[in-house]
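Residues per chain are reported as follows:
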Amino acid sequence: MVRRLAVVLAAAVILSGCTEQRLFAVKAVAAGVPSLAPFFEEDGSLGTDETKLRPEQAHSGLQQGNTPGLYGGTQKPKVCDVDRLKDFLTDPRNRQKAREWARIVGITPDRIEGYIDDLTPVLLRHDTLVKNHDYKKGKAVAFDALLEAGIAVLVNDQGLPAVKCSCGNPLQSFDKDPEKISVKFEDGNKKWDGYEKSDVVTVKPSPQPLEQIALTDVDDPDQGINRPVGSSGENDEPFDATKEHAVPRVAGMTFDQASQRLSELGLAATGSDGLPSGDAAVTGSDPGPGTELRFGEAVTLSVADDGEEPGTPPKSDPSKEPSTDDPASDDPTTVGPTTDDPNTDDPTTDDPSTSDPTTEDPDTGDPDTGDPSSSEPTTDRPTTGEPTTSEPTTAVPTTPTTSSTPPTVEPTSAEPTSAEPTSADPTSVEPTRSEPVTSEPASSEPGSSGAPASAEPAAGPA
């Protein structure tokens, strides 16, 4: 018994050690603390951080670059000196640094000036994960970093941090699991006030290129700033950040479309469990349509593939929600996405069966191809089948099944599992009758475009 207990304890120690080894080391970078090996000497001439800005509580650990209020702005001049950065990187004396810098951002050295001109200076409002780069021995050396809120960065037109202003270091997106990080506070970067691992943010590209970035004024949170992409503050347009906007109806849109619509109103979008895939079908929102929210407040979107892998298409859901289709069973093709949202691409592309469930298809094909059991009834009734051999749809289904039940009962009795979804959606009965012979009902349902049907009922109430 003692030996067994010792083995169990040893195994636990080994497993805990393995778990610890799987954590990704992330270097903390505090606002106002110079880097040890920067591209540009951090003497305050290139950019300055806001060292007294506390991290905001994040509504989601993964946020899109178009999220209103994700970044902050200020009316103070030269938070990032873009012209000085361009001069430095185009100086012949810094040719090697320019080559490495351009390589990291994915351009050629001759395009550096144009690339920088398209960037926009902002201030981080959240502790943000990025891939940072030092310059050592003529090479750019990558390391994962957590940048403190208040650090000035240049972002691109997808809302992604691209340059750390104070040192000119190029930045890339964090590409590891943010749930498996171990933040290291060292080299003068002490743990700052307000740091909470649960509030760390990773930025995902905006669904569409940005024309302007909606910022929160860090000096006056009740004030917002619309800053055109590629400008440094000279064309800022202030707005009232306390003004409320009604949550729009987004059911039936894809997540990316709904996110874009909310962003236009100054509202943030998030999922019930992080961010789903951009093409996930939205079934509802919390709070619902009509709710008044302030600038930057979040709306949680429910999607058809909630609880599954982000890449799972909405088609996997119809089998989960057939019972909810009853209210819409009269006309499933006209509820939800198609009626509520101009974006009919999703419902129509997911619903090829809307052209299939015509009455001609099943009537001519069901008795022969959709009902293998029809051979049994015909052998049972050879004499009665002869006069009606030219009319298989009337002679075959009626007699083998109960006399009170139309031909639709044939697939129901043969495939009880397929009858349940079809009962919720009358229009899908006939396509289902042609499918059961070759596959389970579950495989025929995606073909019948269950995704929109399952999404619509949830969308109706929303």
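Above this text sits the structure in question.
Report on the accompanying structure. (Residues numbered from 1 in each chain as written. Predicted model: local features only at pLDDT ≥ 70, side-chain atom pairs only at ≥ 80, totals over all residues. Heavy atoms only, no water.)

Another aspect to go through is the overall build of the chain. When you go through the chain residue by residue, the secondary structure sums to 16 helices and 19 strands. Looking at the chain as a whole, 49% of its 462 residues are labelled buried. Partitioning the intrachain contacts of the chain with sequence separation of at least 6 by distance along the chain shows that 72% fall at a separation of at least 24. Accessible surface, the chain: about 22,500 Å² in total, of which carbon and sulfur atoms supply 50%. (Helix = DSSP H or I, 4+ residues; strand = E, 2+ residues; numbered from the N terminus. Buried < 20%, exposed > 50% of the residue type's maximum accessible area, 1.4 Å probe, protein only. Contact = heavy atoms within 4.5 Å. Areas by Shrake-Rupley, 256 points an atom, 1.4 Å probe, with all protein chains shown as cover.)

Turning our attention to the environment of D175. Tracing the sequence through the fold places D175 in the loop between strand 9 (172-173) and strand 10 (181-184). In sequence terms D175 and L129 are 46 residues apart; their C-alpha atoms lie 9.2 Å from each other. Here the side chain of D175 touches K131 through a polar contact of 3.1 Å, side chain to side chain. (Polar contact = N/O pair within 3.5 Å; in protein donor to acceptor, adjacent residues only side chain to side chain.)

The next subject is the packing of aromatic side chains. The final tally for this structure, using the stated rule, is seven aromatic pairs. Between F40 and F88 the ring centres are 4.5 Å apart and the planes differ by 70 degrees, which places this aromatic pair in the edge-to-face class. With F40 in the loop between strand 1 (24-29) and strand 2 (62-64) and F88 in helix 2 (residues 82-90), the pair connects residues that are 48 residues apart, well separated along the chain. Per residue, the accessibility class of F40 equals that of F88, and both read buried. For the pair F185 and Y195, a centre-to-centre distance of 5.2 Å together with 75 degrees between the ring planes defines the contact as edge-to-face. With F185 in the loop between strand 10 and strand 11 (202-204) and Y195 in the loop between strand 10 and strand 11, this pair connects stretches of sequence that are ten residues apart. We classify F185 as partly exposed; its relative accessible area is 25%. Overall, the relative accessible area of 14% leaves Y195 in the buried class. Linked through ring pairs, F185, W192 and Y195 together constitute an aromatic cluster. Here the basic side chain of K27 rests over the ring of F143, its NZ or CZ set 5.4 Å away from the ring centre. (Phe/Tyr/Trp six-rings, centres within 6.5 Å; stacked < 30°, edge-to-face > 60°. Lys NZ or Arg CZ within 6 Å of the ring centre and 35° of its normal.)

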